[in-house]
Structure formats: C-alpha cells, structure tokens
Amino acid sequence: QVYLRESGGAVAQPGGSLRLSCKASGLNFGIADMAWYRQAPGKQREFVAMSTRGGGSDYADSVKGRFTISRDNVRRTLYIQMNSLKSEDTAVYYCKTNSRGREFWGPGTQVTVSS
C-alpha cells in the first residue's frame, strides 16, 4: 500500500517562505512521478507543481518563479520550497502520485499566509 504524508505547513507572513515535505512509502519512489496540489477554502483542488521520474519539473503559472519542487530519492521525500508567499497561496497542500493505475493522496498540510 502506498502512503504519503505531508508536513511543514504553518502560518507565514506575506513575502515569507516555507518548505513542505512529503514522505512516501510503499512505492518505488525513484521511478514515480510526484506532484503537489492545493485546495483553498471554497475552491477546487488545483495543480501546483510536478517532479517527474526523469528529473523534469512543471509548475502552475501562479507559482512559477516563486516555488521550487525537488526530491530526495534516497529519503523517498518530495519537497516544495515556497518563497515570496502571497495570501492567495493559503490552502491545504497535498502530495499525489500514481501507482499501478491508482491515484494516491496524502492527508494534506495547511499553509496560511497572513499578516
């Protein structure tokens, strides 16, 4: 069974930074495409960033230049460094992967950007 567990969510000020982590188990992390999504109150869950098994990455336009996704295949951990935070970044952040034709999500971690 695949398990994902996010951590690192907190309250941050506008312009501040946070780093989220997603620890994975139950899958071959080194060949897994991994992604971050987020869901703000009253809104649909949306794509934030992706790290591919081939070493590539992709970002939503709203976070390009501010967020950086990375991974440690030895520690089986996905990260996202979030800089220049804005109030509109407030959301629950989720880690996601696919394995054997199924989607797996973590329980999420809350990020609140507020002065």
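Owing to the predicted nature of the structure, the values given are computational and were not obtained by experimental measurement.

So, about the pairing of strand S5 (residues 46-51). Across 5 bridges, strand S4 (residues 34-39) lies against S5 in antiparallel orientation. The residue of S5 that forms the bridge with Arg 38 is Glu 46. The antiparallel hairpin formed by S4 and S5 contains 6 residues in its connecting segment, where Gly 42 sits at a positive phi of about 75 degrees. The pairing of S5 with strand S6 (residues 57-59) spans 3 bridges and is classified as antiparallel. What sits directly across from Met 50, in S6, is Asp 58.

Right, let's get into the sheet that holds strand S8 (residues 77-82). In spatial order, the strands read S1-S3-S8-S7; together these 4 strands make up an open sheet with antiparallel pairing. Edge positions in the open sheet fall to strand S1 (3-7) and strand S7 (67-72), since each of these has one partner strand only. Each neighbouring strand pair of the sheet contributes to a mean axis angle of 15 degrees, computed without reference to strand direction.

Another aspect to go through is the packing of aromatic side chains. One pass over the full model with this rule turns up 3 aromatic pairs. With a centroid separation of 5.1 Å and an interplanar angle of 70 degrees, the aromatic rings of Tyr 37 and Trp 105 are classed as edge-to-face. Placement of the pair is Tyr 37 in strand S4 and Trp 105 in strand S10 (residues 102-105), with a sequence separation of 68 residues. Judged by relative accessible area, Trp 105 falls into the partly exposed class, the value being 32%. Taking 6.4 Å as the distance between ring centres and 85 degrees as the angle between the ring planes, the aromatic pair formed by Tyr 94 and Trp 105 counts as edge-to-face. With Tyr 94 in strand S9 (residues 91-99) and Trp 105 in strand S10, this pair connects stretches of sequence that are 11 residues apart. An aromatic cluster of at least three residues, connected via ring pairs, comprises Tyr 37, Phe 47, Tyr 94 and Trp 105. We note Arg 45 situated over the ring of Tyr 94; from NZ or CZ to the ring centre the distance is 3.7 Å.

What follows concerns the state of the cysteines. Here the structure, examined in full by the defined rule, presents 1 disulfide. Put simply, Cys 22 and Cys 95 are joined by a disulfide, and their sulfur atoms are 2.1 Å apart. Judged by the torsion about the S-S bond (-80 degrees), the Cys 22/Cys 95 disulfide is left-handed. Here Cys 22, found in strand S3 (residues 18-25), pairs with Cys 95, found in strand S9; they are 73 residues apart in sequence, far enough to count as distant. Just as Cys 22 is buried, Cys 95 falls in that class too.

What counts, and at which threshold
- Residues numbered from 1 in each chain as written.
- Predicted model: local features only at pLDDT ≥ 70, side-chain atom pairs only at ≥ 80, totals over all residues.
- Heavy atoms only, no water.
- Pairing = 2+ DSSP bridges.
- Helix = DSSP H or I, 4+ residues; strand = E, 2+ residues; numbered from the N terminus.
- Axes fitted to C-alpha atoms, helices over the stretch in contact; angles between N-to-C directions.
- Phe/Tyr/Trp six-rings, centres within 6.5 Å; stacked < 30°, edge-to-face > 60°.
- Buried < 20%, exposed > 50% of the residue type's maximum accessible area, 1.4 Å probe, protein only.
- Lys NZ or Arg CZ within 6 Å of the ring centre and 35° of its normal.
- Disulfide = S-S within 2.5 Å.

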